[in-house]
Amino acid sequence: MNSSDKRNSMKTQSGFTLVEVIVAGGIMIILCIGILSVFTYFINVNRGENFRMQSLSVLQQEVEYYRSLKFVPNGSPNELNGGTYTNVRQRTSAGNPGRVFNISVVIDNDPYAAGVQTNADVPDATCTFKEITITATPALPETVGTWTATPQTISIQRVRYN
């Protein structure tokens, strides 16, 4: 093989030039950054939904507790007395990680009765209807990126048994 044959065979070989490799690498980096930012966004959304599900689980436990209490004339437990009760108890949610929530309760006696300004205006002995608002607040504040864990609230209504 002479030297001209070697030069011709080298010219016919194909491959990428250095410029093509750098351009392809730059495009790949831009695509990876875009994919990672979307992935990070969805992780934050998923974490927020996980927190909400845990707080709703805790609120469901509290609703069942207040539904189990007997609301009868002159015999209701003290837990059903009208008023605002802050940090009544702490509950830990099921799941991993189990978060701790502070439970606050507002019990409004006959909230729709005519002429009633506050729940203190209706004595517990004569009350026939209660609106119970339960709030679950995370014991430890949690912030992930721009998302912040906020308290979750639920309201139930109870009618007295006669």
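What you see is a predicted model, and the numbers here were worked out from it, not measured in a lab.

Undergrad: Looking at this model, I keep getting lost on the sheet that holds strand β1 (residues 83-92). Mind explaining?
TA: Strand order across the open sheet formed by 4 strands is β1-β2-β3-β6, with antiparallel pairing between neighbours. In this open sheet, the two strands that pair with only one neighbour each are β1 and β6 (152-159). The average undirected angle you get between the axes of adjacent strands in this sheet is 25°. Bridging between β1 and strand β2 (residues 100-109) involves 7 bridges; their strand directions are antiparallel. Paired with Thr92 across the strands is Val100, a residue of β2.

Undergrad: Please explain the packing of aromatic side chains as it appears in this structure.
TA: Two numbers describe a pair of aromatic rings. These are the distance of the centres and the angle of the planes. Taken as a whole and assessed by the stated rule, the structure comprises 3 aromatic pairs. Between the aromatic rings of Phe51 and Phe101, the centroid separation amounts to 5.5 Å while the plane-to-plane angle is 40°, which identifies the pairing as tilted. With a gap of 50 residues between them, Phe51 in helix α2 (residues 18-68) and Phe101 in strand β2 connect regions that are remote in the sequence. The burial state of Phe51 is the same as that of Phe101; both residues are buried. Where Tyr65 meets Tyr66, the ring centres are 5.1 Å apart and the plane angle is 80°; that geometry is what we call edge-to-face. Tyr66 sits in the buried class, given a relative accessible area of 2%. Cation over ring: Arg89 sits above Tyr65, and NZ or CZ is 4.7 Å from the ring centre.

Undergrad: Can you walk me through α2 in this structure?
TA: Working note: α-helix, 3.6 residues per turn, so residues spaced by three or four point in the same direction. Taking 1.5 Å of rise per residue, the 51 residues of α2 would be expected to cover 75 Å, and the 75 Å separating its terminal C-alpha atoms lies within 8% of that figure. Listed as buried for α2 are Gly48, Phe51, Gln54, Ser55, Val58, Leu59, Glu62, Val63 and Tyr66.

Undergrad: Explain the confidence of the model for the chain here, please?
TA: Detail in the predicted coordinates should be disregarded across regions flagged by low pLDDT. Per-residue confidence for the chain averages 82 on the pLDDT scale, and 81% of its residues sit at or above 70. Ranking the helices and strands of the chain by mean pLDDT puts strand β3 (residues 129-138) first, with 91, and helix α1 (residues 3-12) last, with 61.

Undergrad: Hey, could you run me through a nonpolar patch on the surface in this one?
TA: A cluster of nonpolar side chains, namely Val19, Val23, Ile27, Met28 and Leu31, defines an oily patch on the protein surface of about 490 Å² accessible area. With relative accessibility at 58%, the residue Val19 sits in the exposed group.

Undergrad: Explain the nonpolar core to me, please; I cannot follow it from the model alone.
TA: Among the nonpolar cores identified, the biggest contains 18 residues, and Tyr66, Leu80, Ile103, Val105, Ile132, Ile134 and Ala136 are the most heavily contacted of them. With 5 residues, the single largest contributor to this core is α2. Excluding anything up to four places from it in sequence, Ile134 contacts Leu59, Glu62, Val63, Tyr66, Ile103, Ser104, Gln152, Thr153 and Ile154.

Undergrad: Whenever I open this one, the pattern of salt bridges confuses me. Can you help?
TA: If charged atoms from side chains of opposite charge come close, those side chains can pair. Following the criterion strictly, the structure yields 4 salt bridges and no others. Note that Glu49 is salt-bridged to Arg52, the shortest N-O span being 3.0 Å. Taken as a pair, Glu49 and Arg52 lie in helix α2 at a separation of 3 residues, close to a single helical turn. Under the relative-accessibility criterion, Glu49 is labelled partly exposed at 39%. For Arg67, the salt bridge identified is with Glu64, shortest N-O distance 3.8 Å. One end of the pair, Arg67, and the other, Glu64, are both in helix α2, 3 residues apart, so they sit about a helical turn from each other. Classification of Glu64 by relative accessible area gives partly exposed; the value is 39%.

Calculation criteria
Residues numbered from 1 in each chain as written. Predicted model: local features only at pLDDT ≥ 70, side-chain atom pairs only at ≥ 80, totals over all residues. Heavy atoms only, no water. Pairing = 2+ DSSP bridges. Helix = DSSP H or I, 4+ residues; strand = E, 2+ residues; numbered from the N terminus. Axes fitted to C-alpha atoms, helices over the stretch in contact; angles between N-to-C directions. Phe/Tyr/Trp six-rings, centres within 6.5 Å; stacked < 30°, edge-to-face > 60°. Buried < 20%, exposed > 50% of the residue type's maximum accessible area, 1.4 Å probe, protein only. Lys NZ or Arg CZ within 6 Å of the ring centre and 35° of its normal. Expected span 1.5 Å × (residues − 1). pLDDT = per-residue confidence, 0-100. Patch = residues over 30% accessible without salt bridge, like charges linked within 9 Å, V, L, I, M, F, W, Y side chains within 5 Å. Areas by Shrake-Rupley, 256 points an atom, 1.4 Å probe, with all protein chains shown as cover. Salt bridge = Lys/Arg side-chain N within 4 Å of Asp/Glu carboxyl O. Core = buried A, V, L, I, M, F, W, Y, C linked by side-chain atoms within 4.5 Å. Contact = heavy atoms within 4.5 Å.

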